[in-house]
Amino acid sequence: MASAETAAEHERILREIESTDTNCIGPTLRSVYDGQEHGLFMEKLEGRIRNHDREIEKMCNHHFQGFVDSITELLKVRGEAQKLKGQVTETNQNLQNDGKGLLTSMDELRQCRLQQRNIATTIDKLTHCLPVLEMYTKLQEQMRTKRYYPALRTLEQLEESCLPQAGSYRFCTIMAENIPRLRTHIRDVSMSDLKDFLESIRKHSDKIGETAMKQAQVQIARDNAVTSQQRSASGRRIRKDARSGTEVDRTESNPFTEQDSGILDVEYEEEDEVREERFTSAIPGAQDLVDFSPVYRCLHIYTVLGARDTFENYYRKQRRKQARLVLQPHSNMHETLEGYRRYFNQIVGFFVVEDHILHTTQGLVNRAYVEELWELALSKTIAALRTHSSYCTDPDLILDLKNLIVLFADTLQGYGFPVNQLFDMLLEMRDQYGEILLKKWNQSFRQILDQDNYSPIPVTSPDEYQRIAGQFPFQDPELDKMPFPKKLPFSEFVPKVYSQIKEFIYACLKYSEDLHLSSTEIDDMIRKSTNLLLTRTLSHCLQYAIKKKNVGLAELVQIIVNTTHLEQSCHYLEGFISNITNVPPDTINATKLYGTSTFKDARHAAEEEIYTNLNQKIDQFLQLADYDWTAVQGGGQASDYLSDLIAFLCSTFAVFTHLPGNSIEHATLPGKVAQTACMSACKHLSTSLLQLLLEADVRQVSMGALQQFNVDVKECERFARAGPVPGFQGDTLLLAFIDLRQLLDLFTQWDWSTYLADYGRPTCKYLRVNPHTALALLEKISRSMRDTSRKNNMFAQFRKNERDKQKLIDTVVKQLKNLIATNQA
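Reading the values: rules and limits
- Residues numbered from 1 in each chain as written.
- Predicted model: local features only at pLDDT ≥ 70, side-chain atom pairs only at ≥ 80, totals over all residues.
- Heavy atoms only, no water.
- Helix = DSSP H or I, 4+ residues; strand = E, 2+ residues; numbered from the N terminus.
- Buried < 20%, exposed > 50% of the residue type's maximum accessible area, 1.4 Å probe, protein only.
- Contact = heavy atoms within 4.5 Å.
- Areas by Shrake-Rupley, 256 points an atom, 1.4 Å probe, with all protein chains shown as cover.
- Salt bridge = Lys/Arg side-chain N within 4 Å of Asp/Glu carboxyl O.
- Disulfide = S-S within 2.5 Å.
- Patch = residues over 30% accessible without salt bridge, like charges linked within 9 Å, V, L, I, M, F, W, Y side chains within 5 Å.
- Core = buried A, V, L, I, M, F, W, Y, C linked by side-chain atoms within 4.5 Å.
- Phe/Tyr/Trp six-rings, centres within 6.5 Å; stacked < 30°, edge-to-face > 60°.
- Lys NZ or Arg CZ within 6 Å of the ring centre and 35° of its normal.
- Polar contact = N/O pair within 3.5 Å; in protein donor to acceptor, adjacent residues only side chain to side chain.
- Expected span 1.5 Å × (residues − 1).
- Axes fitted to C-alpha atoms, helices over the stretch in contact; angles between N-to-C directions.
- Parallel < 35°, antiparallel > 145°, perpendicular 65-115°, else oblique.
- Left-handed = near helix turned anticlockwise from the far one by under 90°.
- Nonpolar A, V, L, I, M, F, W, Y, C, P; charged D, E, K, R; others polar.

Before going further, it helps to spend a moment on the overall build of the protein. Along the backbone of the protein there are 26 helices and four strands. Relative to its full complement of 825 residues, the protein shows a buried share of 42%. Pairs at least 24 apart in sequence give 78% of the contacts found in the protein among residues at least 6 apart. Carbon and sulfur atoms form 51% of the exposed surface of the protein, whose accessible area is close to 45,500 Å².

Below is the structure:
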């Protein structure tokens, strides 16, 4: 069984060797050598080889005759083949000789065709490269001439169109590598130009603002001229009503109209080249002082580079910084108007530039950004003006500053900026201006009052009279009938003060112009300011003139006359204000002038000062009184000091004949002031004489001294009875001495029984005698009599009379004390 399997396996291997490529029999042979029947296989292999050899031999024997026949035929053909070979060789040689020229021509043709193909390829490549080179040359020229925006557009064309078409050449690679660097260079250069532009407009803001304000001033002047022509028929000085006369349409009032503000005129180069945008102005304006092309160029460059937001943020940030610098005023700005002017010019220049940028660029700055800057500027400007204007004490500078602020506001309003807060601030400054005016007019009034001679104005000619009448509205038909020379009742300070009041009103009117106020508001403002001038400034000055030292009675009398005429002129001032403001005086709720009360108060103060001065003069004379209170016998004549006093009073009251009577509203009779002064002087004289008699230093009074005192009182009564001032009814003036007269009569007549019996009755003879006064004087007489008794060495009978009288005095003293005690209980 095993041998059969082995034989079958060897047979399979042999078939496989016969049918397999010799290159692949290795595994088969390996299986033979791996087996155990190697020798047996070799025997089978040898047997198979012998079988194949016998088959080959059989086949060769079978085909040998055909092979021999074939060889024989081949030998026969060899001769013919040799002939054919010779012919072919000869033909080939001939063909080779003939083909050499053709090959040469073909080679030349091939080379020519190759050159043609190379030339065509070169032309094609050059056709694509030449635009690149031309574009790059153009780029270099634009960079050299600093035309960066066209250069940037050229770079864009070069990168997007030309270089991709040209192919990957080395010079194209170099160009492509240079493009980012060129863009960076253009961006940096344009930013440098922008920085130079920002520095330039910072330096030129002053000049730009000055030009803009001058143009606005010219426009306003033109509007004013038109308005004044329309109102010239009235013939009166009327200010413009800002709400109806000076408010012009935005397009007209703007010193730079939409056309003037500039339209960006774009000019293109040949074919695809784009020129830079540039600003042109139809009429030379503030913008023409600055070349805006750097900012436009930089804006377009950054837009092309895709960095517009970066550029906008940088521009706005830098302009905000410049705004803060512009809005910072100099510390000494308040000293001169030029300081304020430079400050306003810079602000106007700044916002003129921003307004121009706003209208000539698309989105670099927007309305919200400009309004934000304006709100900042407005708040800082108002704060700075409030601070610096508070240092100003010159009304002319304040007025010039107000006009400058109005021009500043009108200029910016023409560019569309809201300026209401500036006008509100001007209304606040009006109060400060009024206070400064009051201080200035206070000095003027005081100077006028100090320099006045307080004498009626002498007039020697009609021209001089008309000159004074032109300064002060004075009308007196009786005085007009008098021949020259003549005297006006008032002194120089009346027309001067009246003229100063009018000047003050004009000063107030000047400030109110162009503040966008109605005529009624201006009229009310002027009246209120004038009232302050009258009730505070002029009133204080008049009080100063009245109360100052060494002012005489004649001066006080003249002040009364002057204030009377000034009081009468108040209604002329009312008409004057109505005339210049064009507001009827009977307008509802119109403020009335308080001049009448001011001058009345001043006149009353002068009258009181007259009374006080008279009393002081009387006191000075009384200080000269030198009574001998122990005199035994009185003199028959009045004391010298009293005679001098009476003479002084007579001369003084003669001056009062100049005082007006009927023209003074509070007077009920002519010479009311003189009568009051005379009565006041007599009462004071009576009171002072009584105080002199009852002085504590006077310990005793003799009857002789009392008789002398009585003589002096009678002299006073004669003065009162003589009527030093006309207008008193009957013995009214004598009532001033009634207290003193009844007291002296009581002691000289020694009528104590009547006094004590009738005391307290309305019909009492000595009704004006006070028990305290009588007791004090009686005690002084008692002490004098006791002292006289001790010193008297005369007869005993005489001493007995003295003792009786002393007892009587003691009795009266007791009764008076009882009377006083009873009244007190």
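With that settled, consider the pattern of salt bridges. Overall, the coordinates contain 22 salt bridges when judged by the stated rule. Between Asp 193 and Arg 297 there is a salt bridge, with the nearest N and O atoms lying 3.7 Å from each other. Pair noted here: Asp 193 is in helix 5 (residues 170-231) and Arg 297 is in helix 7 (residues 293-304), with a separation of 104 residues, a long-range link. Exposure remark for Arg 297: the relative accessible area of 12% places this residue in the buried category. Between Arg 741 and Asp 745 there is a salt bridge; the shortest N-O distance is 2.9 Å. Pair noted here: Arg 741 and Asp 745 are both in helix 23 (residues 738-748), with a separation of four residues, about one helical turn. Note on Arg 741: relative accessible area 12%, which makes it buried.

We now examine the state of the cysteines. Inspection of every chain in the model, using the stated rule, returns zero disulfides. A disulfide-free cysteine, Cys 716 has its sulfur positioned 7.9 Å from the sulfur of Cys 682, the nearest such atom.

Before going further, it helps to examine a nonpolar patch on the surface. On the surface, a nonpolar cluster with roughly 590 Å² of combined accessible area is contributed by Phe 64, Phe 67, Val 68, Ile 71, Leu 74 and Leu 75. Structurally, the position occupied by Val 68 is in helix 3 (residues 38-144).

On to unusual backbone geometry, then. Glycine aside, residues mostly have negative phi, and peptide bonds are mostly found in the trans state. The residue after Phe 484, namely Pro 485, is reached through a cis peptide bond having omega -5°. Among the structural elements, Pro 485 can be located in the loop between helix 14 (477-481) and strand 4 (486-488). Although it is not a glycine, Tyr 454 adopts a positive phi angle of roughly 50°. Looking at where Tyr 454 falls in the secondary structure, it is placed in the loop between helix 12 (420-451) and strand 3 (457-459). The phi angle at His 516 is positive, at roughly 60°, despite the residue not being glycine. Structurally, His 516 is set in the loop between helix 15 (493-512) and helix 16 (519-547).

As for its placement among the helices and strands, Ser 539 is situated in helix 16. Excluding its chain neighbours within four sequence positions, the residues that come into contact with Ser 539 are Leu 533, Leu 534 and Thr 598.

Soluble, globular proteins show a tendency: their nonpolar side chains are buried together. By size, the foremost hydrophobic cluster in this structure holds 187 residues, and its most contacted members are Val 295 and Phe 344. A total of 13 residues in this core trace back to one element, the largest contributor, which is helix 12. What Val 295 contacts, discounting residues up to four positions off in sequence, is Leu 194, Phe 197, Phe 311, Tyr 315, Ile 357 and Leu 364. Counting 22 residues, the second-largest nonpolar core is a separate cluster that includes Met 143, Tyr 149, Ala 151 and Ile 186.

Take the packing of aromatic side chains next. Applying the stated criterion across every chain, the model contains 29 aromatic pairs. With a centroid separation of 5.1 Å and 80° between ring planes, the pair formed by Phe 350 and Phe 351 is classed as edge-to-face. When the ring of Phe 747 is compared with that of Trp 750, the centres are 6.4 Å apart and the planes differ by 75°; the resulting orientation is edge-to-face. Classification of Phe 747 by relative accessible area gives buried; the value is 1%. Through a chain of ring-to-ring contacts, three or more aromatic side chains come together here, namely Phe 747, Trp 750, Trp 752, Tyr 755, Tyr 759 and Tyr 766. Over the ring of Tyr 511 we find Lys 402; its NZ or CZ atom is 6.0 Å from the centre of that ring. In this structure, Lys 486 packs its charged tip against the face of Tyr 465, placed 4.8 Å from the ring centre.

This paragraph deals with the side chain of Thr 361. Tracing the backbone shows Thr 361 in the loop between helix 9 (337-360) and helix 10 (367-389). Within the local environment of Thr 361, its side chain forms a polar contact with the backbone oxygen of Ile 357, the two atoms lying 2.5 Å apart. Every residue in contact with Thr 361, bar those within four places of it in the chain, is listed here: Tyr 296 and Leu 299.

Moving on, we come to helix 18 (residues 570-581). Here helix 18 contains twelve residues, and its C-alpha end-to-end distance of 17 Å stays within 8% of the 16 Å for a straight helix at 1.5 Å per residue. Of all the positions in helix 18, only Cys 570, Leu 573, Glu 574, Phe 576, Ile 577, Ser 578, Ile 580 and Thr 581 are classed as buried. Once helix 18 finishes, Asn 582 follows within two positions and takes phi at roughly 60°, a positive value.

Turning our attention to the environment of Lys 207. Here Lys 207 shows up in helix 5. Spatially, the C-alpha atom of Lys 207 lies 9.6 Å from that of Val 348, the residues being 141 residues apart in sequence.

Here Ser 192 lies in helix 5. Taking relative accessible area as the criterion, Ser 192 reaches 37% and is therefore assigned partly exposed. Along the chain, Ser 192 and Cys 298 lie 106 residues apart, while their C-alpha atoms are 9.3 Å from each other.

What follows is about the packing of helix 16 against helix 18. As a packed pair, helix 16 and helix 18 sit with axes 10 Å apart at the nearest point and diverge in direction by 150°. In terms of orientation, helix 16 and helix 18 fall into the roughly antiparallel class. Helix 16 and helix 18 meet at a crossing whose hand is right-handed. Between helix 16 and helix 18, the residues in contact are Ser 519, Ile 522, Asp 523, Ile 526, Arg 527 and Thr 530 and Glu 574, Ile 577, Ser 578, Ile 580 and Thr 581, respectively. Each residue belonging to the contact of helix 16 with helix 18 can be placed in one class, and the counts come to four nonpolar, four polar and three charged.

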